[in-house]
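Remarks on the overall topology
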Amino acid sequence: MIINFILNGEEVNYDAYPGETLFELLRRYHHYEVKGNNCKSGECGACTILVDDKPIPSCTYLVGKVIGKKVITIKGIGDIDNPDLIQKSFVEEGAIQCGYCIPGIIISVENLIRKNPNPTKEEIKETLSSHICRCTGYVQQIEAVEKVVQKIKEGK
Amino acid sequence: MSKVLKKEELIKEFNVVGKNVEKYDGLPLATGQPLFTDDIYLPNMLHAKLLTSPHPHAEIVDIDDSEALKIPGVKIVLSYKNVPRIAHTTAGQGYPEPSPYDHFMFDKKVRYVGDRVLAVGGDSIEIVEEAISKINVTYKELPYVLDPEEAMKGEVIIHDEEDINGLYDKNKNIISHVDIPIGDVENGLKESFYKVEEEIYFTQPVQHTPIETHVTITYFDEYGNLIVRTSTQVPFHVRRILSKILEFPMKKIRVVKPRVGGGFGVKQELLIEDICSLMTIRTKKPVRMELTRKEEFISSRLRHPSKIWIKLGADKEGKLTTIDMRVLLNNGGYGTHGPTVLFNSGSKTLPLYNKAKNVRFIGDAVYTNLPVSGAFRGYGATNGYFALESAMDDLAEKIGIDPIDLRKINHIREGETSPIFEKLGEGKEGITQYVESCALSKCIEVGKNEIEWEKWRGKRIKNNNFVRGVGMAIMMQGSGIPLVDMASARVKLNDDGTFHLFIGATDIGTGADTILAQILAEEIGVPYEDIKVYSSDTDHTPFDTGAYASSTTYVSGGAVQKAGKIIKRKIIEYASKLLNENPENLIIKDREIVNFNTGEKISLREIGEKSFYDFDQEQIEASASFVSPKSPPPFAAHFVLIDLDIETGKIIPVKYVAINDIGVVIHPNLSKGQAIGSIVQGLGFALTEELIYSKRGMALNPNFLDYKLLTSLDIPEIVVKFIETYDPTGPFGAKSVAEININGPAPAIRNAVLDAVGVKLNHLPFTPEKVFKKIKESGVI
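Residues numbered from 1 in each chain as written. Chains lettered and ligands numbered in written order. Predicted model: local features only at pLDDT ≥ 70, side-chain atom pairs only at ≥ 80, totals over all residues.

**Comments concerning the overall build of chain A**
Rules: Secondary structure elements follow DSSP: runs of H or I no shorter than four residues count as helices, runs of E no shorter than two count as strands, and numbering proceeds from the N terminus. Neighbour density around each residue's C-beta defines its exposure: 20 or more other C-beta atoms within 10 Å make it buried, 12 or fewer make it exposed, and counts between make it partly exposed, where C-beta atoms are placed from the backbone. The contact criterion used is a C-beta to C-beta distance within 7 Å, with each C-beta placed from the backbone.
Each helix and strand counted, chain A has five helices and five strands in total. Along the longest, intermediate and shortest principal axes, the C-alpha atoms of chain A span 45 × 30 × 25 Å. The buried share of chain A, reckoned over its 156 residues, is 54%. For chain A, restricting intrachain contacts to residue pairs at least 6 apart in sequence, the fraction spanning at least 24 positions comes to 58%.

Written as structure tokens, this is what we have:
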């Protein structure tokens, strides 16, 4: 079944299998920027993407629901030559170790800051709590988000 | 001693070491590049999956796969019927491995719920899953044993094969046994003024849970070489073991490690590479296999559940005279890492209190019909410190002194040694060594102030149903395995004046590529940005034992520094010929070779160009290997402030302080990350994490909803500080930071509860129901 949606600003027509999840579809079309899927139940948060400006774990989202919607993966946030503030801040603050959970986390942080450019520490923690990062212990990730918030405040 | 001063003199000269340079793979990771094993697609790739045992102990009478093989798209079934039978260990360790050879690719017997029975390869994971559901395995169930003390009675024999070797006592299920007496423990205890009578400590099975589970893709290249692309900590060990058990020439195997999504020890193990490889050899097709989260929990590896008995004795002044420690490790169905984790639970803990004249360490690693324990960050030390550092607080209580003072009287210091270094090594005798850097006293002092010890200790301040307590623990680890771990590095100069660094070292997210590039840049005298790193490819990079035992900064860093020294000398020799100048007058500075007498300069770019095309043509390059007779211990002092809810038994960590001596800090941000990551894993180990089994040894909670990992909402304020020392044997004075900090949370929290309510928690994890029961029994509420 051909399904049509907007992926990182471009219209795509992908051939979906019945019962396929959005994660499986994206990976099958070589969107390897979406990581994860070994829990297949939305527990780890690594495969998080934005669907119509809402962060969702793509491993539990069936493709039928995505028709006509706007999907953003980490590639829609920034790339190596042109990273956004959050990506840069995560690198600078030591918030990345193995990096496997990072695209999903940055997606959730991006969503938080778009909706609330001045979040409290508790709100940042709450956003990160839908992700499991086994490497960092979260502290430097919280600091990285706080730095971004600071920079936005200073209009940088 | 003046070593700290020496460090301060030296550190002024550092341009790259000690700086927060950009993590080598930072932006590629933050932008979601296809860096991981699974981030490729190969045409005609097969998907592989395991069928695992539903029984804790059974003989496989027969496997009927005839219906499965009829399904279109099913290509191959591997089982004991059609694979080579070669005894080996899955542990990725230096050769010959200290672990017993008790594992076969597929065996006719299964030894735990989750053990390998067979594997199926087919065109898609759905086809393979359907095939697995059509396979009929006939088992003959055998009596099973889950408790190691029961197992040691030998009523159930878990490994009765004729063709295995390297274990201590087959008939009693004992993999490894150790009994090291130093002095006279019985007499020591008798004569002690203060005594801590025997207490027993229990640690639980926990899983590493890397967010990337084990994943491997294998295929043949255009020359018929088997390419093994895999998420491993030990590419060279994987190559060696694969060649042996598949009877396939090592020359034709190339193991490539892309970025790895976390390891923590569980990827120091050959778990699925053999299955993919054999399927590729037999079908000539690419094969992919990825463990599901559930499989990662039950069919990979865990931290050894353990039971530890400990007694302490001290003289009138509080000086330890006697430590008597017995460790029993539950290794599960296979003996991987058993001897070494067992020895490390003593060798990495007991030297901390080197004043004790009488020390006994008795231990056994034992088979049971539970999932398999292996390497996990801390590697036995984490288990040992829970008992030792808890007992130290009990001793302080007996003596009536502050636990901090007790530790100050007794801990090891710079210039000192411990007989344990010599008696306990890696499953065998160790090597005598003297501690050449130790700032533990200062770590304790700084941490004591940071946590405001005097303000909280013994005060039992109440706030509604919460009681505040403060606790601490001190610890050490090692830096690599002395005279076993070897690393090597190769460096070449390019015609733009930059360098390529080739290392066997295996970055599994720790930042190894970054800090090794820093070490090279510092040694040569060029900016970090001028180094390009290629790592962990058994065809293209030189040998390295791998990412384990807190070895990479120290051992691989040692090799990189040596290679850097050699290429620097070669560049200066080349420049001296070119400039017709005495090499002693030349130095490398700011990408130039400078004659400091005349001020004459030539750039590295010119040297690179001329060496390729113009003058005395050669590739300027260097390679070096490093193996150390030492394993300098890093040290740490941990402090934790808790609120204990006496109505529910819930422990809330409020503030955690970890002061570290890791030698010279190569990269402050990455080092801090290693420390905090370890602490949070350690807090999970202390408070919430536990794999729970049914009476038949079946894991009941192998998923992230029921196995409770800490999230960002569960962590306290965490303060990490480094007291820098200079270890003369490490690269630019560095030691290690990867493991040590996981050892502190369990005993520190246990001791904080003791401070808050006077209750001794000796059974991990400290879940609310357990704590509540304990405090109720003790009459506190």
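Read on for the rest.
**Regarding the overall build of chain B**
Just so we agree on the cut-off: Based on C-alpha atoms, the radius of gyration is set beside the globule rule, defined as 2.2 Å times the residue count to the power 0.38.
Broken down by element type, chain B carries 21 helices and 27 strands. Radius of gyration (C-alpha) of chain B: 27 Å, near the 28 Å computed for a compact globule of 781 residues. Once the C-alpha set of chain B is aligned to its principal axes, its extents read approximately 85 × 75 × 50 Å. By the burial criterion, 61% of the 781 residues in chain B qualify as buried. Relative to all contacts within chain B whose residues are 6 or more apart in sequence, the contacts with residues 24 or more apart total 79%.

**A short note on the interface of chain B and chain A**
This is how the line gets drawn: In the scheme used here, Gly and all other residues not listed as nonpolar or charged are polar, with Ala, Val, Leu, Ile, Met, Phe, Trp, Tyr, Cys and Pro taken as nonpolar and Asp, Glu, Lys and Arg as charged.
With 47 residues of chain B in contact, the opposing surface of chain A contributes 43 residues. At the level of elements, α2 (26-30) and α19 (668-687) of chain B are the ones that each hand at least two residues to the side of chain B that touches chain A. No other element matches α19 of chain B, which puts eight residues into the side of chain B that touches chain A. Looking at the side of chain B that touches chain A, its residues break down into 22 nonpolar, 16 polar and nine charged.

**A word on the pairing of strand β3 (residues 74-78) of chain B**
Residue and element names in this part refer to chain B. We apply this condition: Here, any two strands with at least 2 DSSP bridges between them count as paired.
Counting buried positions along β3 gives five out of five residues, so the element sits mostly inside the fold. Examined bridge by bridge, β3 and strand β5 (residues 116-122) share four bridges and lie antiparallel to one another. By the bridge assignment for β5, valine 77 is matched with valine 120.

**Here we look at the pairing of strand β14 (residues 320-332) of chain B**
Residues and elements named next belong to chain B. Most of β14 is tucked away: 13 of the 13 residues are buried. Where strand β13 (residues 306-314) lies against β14, nine bridges are found, and the strand directions are antiparallel. By the bridge assignment for β14, alanine 314 is matched with leucine 320. The hairpin formed by β13 and β14 contains five residues between the paired strands, and glycine 318 there has a positive phi angle of roughly 90 degrees. Across 10 bridges, the pairing between β14 and strand β15 (residues 358-367) is parallel. Bridge assignment links isoleucine 323 to a residue of β15, and that residue is valine 359.

**With respect to the environment of glutamate 20 of chain A**
Among the secondary structure elements, glutamate 20 of chain A is positioned in the loop between β2 (10-15) and α1 (22-28). When sequence neighbours within four positions are dropped, the list of residues in contact with glutamate 20 of chain A reads Leu25 and Val63 of chain A.

**Considerations on the sheet that holds β14 of chain B**
Neighbouring strands of a sheet are bound in pairs by backbone hydrogen bonds; such pairs are parallel or else antiparallel. Residues and elements named next belong to chain B. Convention followed: Think of each axis as a best-fit line through the C-alpha atoms, taken over the contacting stretch in the case of a helix, with angles from 0 to 180 degrees between the N-to-C directions.
Judged by pairing direction, the sheet is mixed, and its five strands sit side by side in the order β7-β15-β14-β13-β8 without closing on themselves. What marks the edges here is a single partner per strand, and that holds for β7 (174-182) and β8 (194-203). Between one strand axis and the next, the sheet turns through 5 degrees on average, direction left out of account.

**With respect to the confidence of the model for chain B**
All names here are of chain B. Applied cut-off: A score between 0 and 100, pLDDT records how confident the predictor is in each residue.
For chain B, per-residue confidence averages 96 on the pLDDT scale, and residues scoring 70 or more make up 98% of the total. Confidence drops under a pLDDT of 50 for residues 1-7, and excluding neighbours within four residues, the segment shows 13 contacts in the predicted structure. Both scores are given for the predicted complex: the pTM is 0.97, the ipTM 0.98.

**Points about the sheet that holds strand β4 (residues 109-110) of chain B**
Residue and element names in this part refer to chain B. An order of β4-β2-β6 is seen for the three strands of this open sheet, with the pairing classed as antiparallel. Each end of this open sheet is capped by a strand with a single partner; those strands are β4 and β6 (136-141). Examined bridge by bridge, strand β2 (residues 58-64) and β6 share six bridges and lie antiparallel to one another. Residue pairing in the sheet places aspartate 62 in a bridge with threonine 138 of β6.

**Observations concerning the nonpolar core**
How we decide: By our criterion, buried Ala, Val, Leu, Ile, Met, Phe, Trp, Tyr and Cys residues that link up through C-beta atoms within 7 Å make up a nonpolar core.
Within the largest apolar cluster, 238 residues are counted, with the highest numbers of intra-cluster contacts made by Ile106 of chain A together with Leu501, Leu516, Leu520, Ile749 and Val753 of chain B. Excluding anything up to four places from it in sequence, valine 753 of chain B contacts Gly469, Ile642, Leu644, Ile651, Val759 and Leu761 of chain B. If you look at the next biggest cluster of nonpolar residues, it comprises 48 residues, including Ile60, Ile253, Val255 and Met279 of chain B.

**Concerning helix α12 (residues 403-410) of chain B**
All names here are of chain B. Worth spelling out the cut-off: An arc is given here, and it is the one of the directions from the helix axis to the C-beta atoms.
Along α12, the residues classified as buried are Pro403, Leu406 and Arg407. All buried residues of α12 fall inside an arc of 95 degrees around its axis, so they share one side. On its buried side, α12 packs onto α11 (381-399), α14 (440-451), β17 (466-476) and α20 (745-757).

**So, the environment of asparagine 38 of chain A**
In this fold, asparagine 38 of chain A is placed in the loop between α1 and β3 (48-51). For asparagine 38 of chain A, a count of 26 C-beta atoms within 10 Å corresponds to the buried category. Residues asparagine 38 of chain A and cysteine 59 of chain A, 21 residues apart in the sequence, show an inter-C-alpha distance of 8.9 Å. Not counting the four nearest positions on each side in its chain, asparagine 38 of chain A is found in contact with Thr213, Glu290, Leu291, Thr292 and Arg293 of chain B.

**Let's talk about α14 of chain B**
Residues spaced three or four apart along an α-helix face the same direction, because each turn holds 3.6 residues. All names here are of chain B. Our working definition: For a helix, the expected span equals 1.5 Å multiplied by the residue count minus one.
Helix length check: α14 (12 residues) gives 16 Å between terminal C-alpha atoms against 16 Å at 1.5 Å per residue, within 8%. All of the buried residues in α14 are Leu440, Cys443, Ile444, Gly447, Lys448 and Ile451. On an axial view of α14, the arc spanned by its buried residues comes to 130 degrees, and they lie on one face. If you follow the buried residues of α14, they end up packed against α12, α15 (453-456), β17, β25 (635-645) and β26 (651-661). Just downstream of α14, glutamate 452 is the residue with a positive phi angle, here 60 degrees.

**A look at the packing of helix α2 (residues 85-92) of chain A against helix α5 (residues 139-153) of chain A**
Residues and elements named next belong to chain A. Filter applied, for reference: Angles are sorted into four bins: roughly parallel if under 35 degrees, roughly antiparallel if over 145, roughly perpendicular if 65 to 115, and oblique for all others. Rotating anticlockwise by less than a right angle from the far helix to the near helix defines a left-handed crossing, while the corresponding clockwise rotation defines a right-handed one.
Between α2 and α5, the least distance of the axes is 8 Å, while the angle of their chain directions is 135 degrees. Of the possible angle classes, the one that applies to α2 and α5 is oblique. Here α2 and α5 pass one another in a crossing that is right-handed. Across the interface between the two elements, Leu85, Ile86, Ser89 and Phe90 of α2 pack against Ala144, Lys147, Val148 and Lys151 of α5. Residue classes in the contact of α2 with α5 are distributed as five nonpolar, one polar and two charged.

**Digging into unusual backbone geometry**
All names here are of chain B. For the bond from tyrosine 95 to proline 96, the omega torsion is -5 degrees, close enough to zero to count as cis. Of note, the bond from leucine 764 into proline 765 is cis; its omega dihedral lies within 30 degrees of zero at -10 degrees. One can find proline 765 in the loop between α20 and α21 (768-777). One non-glycine residue with positive phi stands out, namely asparagine 44, at about 60 degrees. Structurally, asparagine 44 can be placed in the loop between α2 and β1 (46-52). In this structure asparagine 44 comes out as exposed when scored by C-beta crowding, with 10 C-beta atoms within 10 Å. One non-glycine residue with positive phi stands out, namely aspartate 590, at about 45 degrees. Note on placement: aspartate 590 falls in the loop between β21 (586-589) and β22 (592-595).

**Considerations on the packing of α19 of chain B against α20 of chain B**
Residue and element names in this part refer to chain B. Interhelical geometry of α19 versus α20 gives an angle of 55 degrees and a closest axis separation of 8 Å. As the angle between them shows, α19 and α20 are arranged oblique. Crossing handedness for the pair α19 and α20: right-handed. Along its contact with α19, which presents Ile679, Gly682, Leu683, Phe685 and Ala686, the element α20 presents Pro745, Ala746 and Ile749. Here the contact of α19 with α20 is composed, by residue class, of seven nonpolar, one polar and no charged.

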